[in-house]
Amino acid sequence: MKKLKIGIIGGSGYTGGEVLRILAFHPKVKITYLTSERLKGQKVSQIHPNLRGLIDLDFSSINDIKDKVDVLFICLPNGVSMNYIDKFISLADKIIDCGADFRLEDDKVWLNWYKIPHQRPEYLKKFVYGLPELNRERIKESNYVAIPGCEATVSLLTLYPLVALDLIKPYPIIIDAKMSSSQSGKNFSLATHHPERTHCVRSYLPSGHRHTAEIEMFLSKINKKIRVDISATAIDMVRGILVTIHCFLKKEIKEKDIWLAYRKYYKNEYFIRLVKQKTGIYRYPEPKILWGTNYCDIGFDIDKRSQRLILIGAIDNLVRGTAGQAVQCLNIMYNWPENLGLEFSGLHPI
Ligand SMILES: NC(=O)c1ccc[n+]([C@@H]2O[C@H](COP(=O)([O-])OP(=O)(O)OC[C@H]3O[C@@H](n4cnc5c(N)ncnc54)[C@H](OP(=O)(O)O)[C@@H]3O)[C@@H](O)[C@H]2O)c1
């Protein structure tokens, strides 16, 4: 069978590297090119050493690519892909963008959170939000998919059933997010310099996290009153996100009802696992055992004293939070099994 041709724009970064790693073993695709402006002409395996012997390609510049491919994966920093969108659309039948440029539906909301005017607002309505379990039908019908942010992915998957079934108050919903260092991409700064970043528990964004916008956009489709507030803390971890979400039940309910809510939405979902064990050390979701996987683990607890519901979600930011989710969307767009190329179980111990 003829394999699909794939291009990866921004292939030298962390997200591009993960798309490449996953697609290198995907049975239905073949990588045609990867781009890097700074590393044009260099061997891909020099930058992604884990793929040594597996990928024999050199980086190209965006300006030099001319061949049409079936699908383009875009892994550029926020605010860059909108400037190239006409070229990208002329190069591929389908586009999967891992950045934020086409996630929001409203350019005023974009300006408010990203602080730069959107250059191509007419494309915002053409892209669909690539959150497979909750937007599968739209992804199936679309040629243009915007992958949710990593923090938004885990928060939405964790919150959605409770909001949809109207079990929690629309506010306060406080998302306490513990973030890993790979979330800032491959470029370094003083904040990511090893002596500053290692061993840290740094409250770096107590308010103002941009993913607030996409979480509220998605949840407001079921309840317009929803408000989420995020506080982000950088911790000493290379991959992974853990969110602890504090929200309040509308009325007293039993644990069983929370289980039922999650089962209603996720009982047939391969990548969503409910984690709540009475004993052992992995009683609740933990990002460490998800490294390299496309799973989203979800757990919860009820504080009966205050009717506080504590939801706990964990993912690998580079896989379920970006590249894996992008491949999951590819599988949906082509009607292939959703877990094709994504079956890795993770490692233990690690
Ligand atoms: N890291 C994560 O955990 C994560 C999670 C979810 C979503 N995302 C999103 O994924 C996207 C990529 O993130 P990343 O972490 O992979 O970033 P990254 O490691 O910094 O990589 C960025 C890539 O874009 C290229 N690039 C940078 N500026 C460019 C420009 N002006 N024109 C053309 N190419 C340019 C870089 O190529 P050069 O070699 O030329 O520099 C590199 O290949 C971002 O939008 C991010 O928000 C990332």
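Residues numbered from 1 in each chain as written. Predicted model: local features only at pLDDT ≥ 70, side-chain atom pairs only at ≥ 80, totals over all residues.

So, the site of the ligand
Argument step 1. Around the ligand sit 31 residues in total, of which G10, G13, T15, G99 and G185 are the nearest.
Argument step 2. The element that contributes the greatest number of residues to the shell around the ligand is helix 1 (residues 14–23), accounting for 3 residues.
Argument step 3. Residue classes in the shell around the ligand are distributed as 11 nonpolar, 17 polar and 3 charged.
Argument step 4. Two domains each donate at least three residues to the shell around the ligand, and these are domain 1 (4–126) and domain 2 (151–317). (Near = placed C-beta within 6 Å. Helix = DSSP H or I, 4+ residues; strand = E, 2+ residues; numbered from the N terminus. Nonpolar A, V, L, I, M, F, W, Y, C, P; charged D, E, K, R; others polar. Domains from an automatic or database assignment.)

Remarks on the environment of I173
Argument step 1. Topologically, I173 is positioned in the loop between helix 6 (150–164) and strand 7 (174–179).
Argument step 2. For I173, a count of 25 C-beta atoms within 10 Å puts it in the buried group.
Argument step 3. Placed 136 residues apart in sequence, I173 and L309 show a C-alpha to C-alpha distance of 9.8 Å.
Argument step 4. If near-sequence neighbours (up to four positions away) are discounted, I173 is found in contact with R227, V228, I245 and C247. (Buried ≥ 20, exposed ≤ 12 C-beta atoms within 10 Å, placed from the backbone. Contact = placed C-beta atoms within 7 Å.)

So, the domain arrangement of the protein
Argument step 1. Domain annotation of the protein identifies domain 1 (4–126) and domain 2 (151–317).
Argument step 2. Centre-to-centre separation of domain 1 and domain 2, based on C-alpha positions: 27 Å.
Argument step 3. Contact residues are listed per partner, giving 9 residues for domain 1 and 7 residues for domain 2.
Argument step 4. Looking at the side of domain 1 that touches domain 2, its residues break down into 6 nonpolar, 1 polar and 2 charged.

Section: the packing of helix 6 against helix 9 (residues 255–266)
Packed helices, taken two at a time, are described by their axes: the angle between them and the distance between them.
Argument step 1. One can describe the packing of helix 6 onto helix 9 by two numbers: an axis separation of 9 Å at closest approach and a directional angle of 105°. By the angle class used here, helix 6 and helix 9 are roughly perpendicular. Mapping the contact onto sequence places Y160, P161 and L162 in helix 6 and A261, Y262, K264 and Y265 in helix 9.
Argument step 2. Per-class residue counts for the contact of helix 6 with helix 9 are 6 nonpolar, no polar and 1 charged. (Axes fitted to C-alpha atoms, helices over the stretch in contact; angles between N-to-C directions. Parallel < 35°, antiparallel > 145°, perpendicular 65-115°, else oblique.)

Observations concerning the pairing of strand 12 (residues 296–303)
Argument step 1. Bridge analysis of strand 11 (residues 272–274) against strand 12 gives 3 bridges, and the strand direction is parallel. The residue bridging I272 from the neighbouring strand is C296, located in strand 12.
Argument step 2. Direction of pairing for strand 12 relative to strand 13 (residues 308–315): antiparallel, over a ladder of 7 bridges. Opposite D297, over in strand 13, you have A314 as the bridge partner.
Argument step 3. From the end of strand 12 to the start of strand 13, which pair antiparallel, there are 4 residues, and Q307 there has a positive phi angle of about 60°. (Pairing = 2+ DSSP bridges.)

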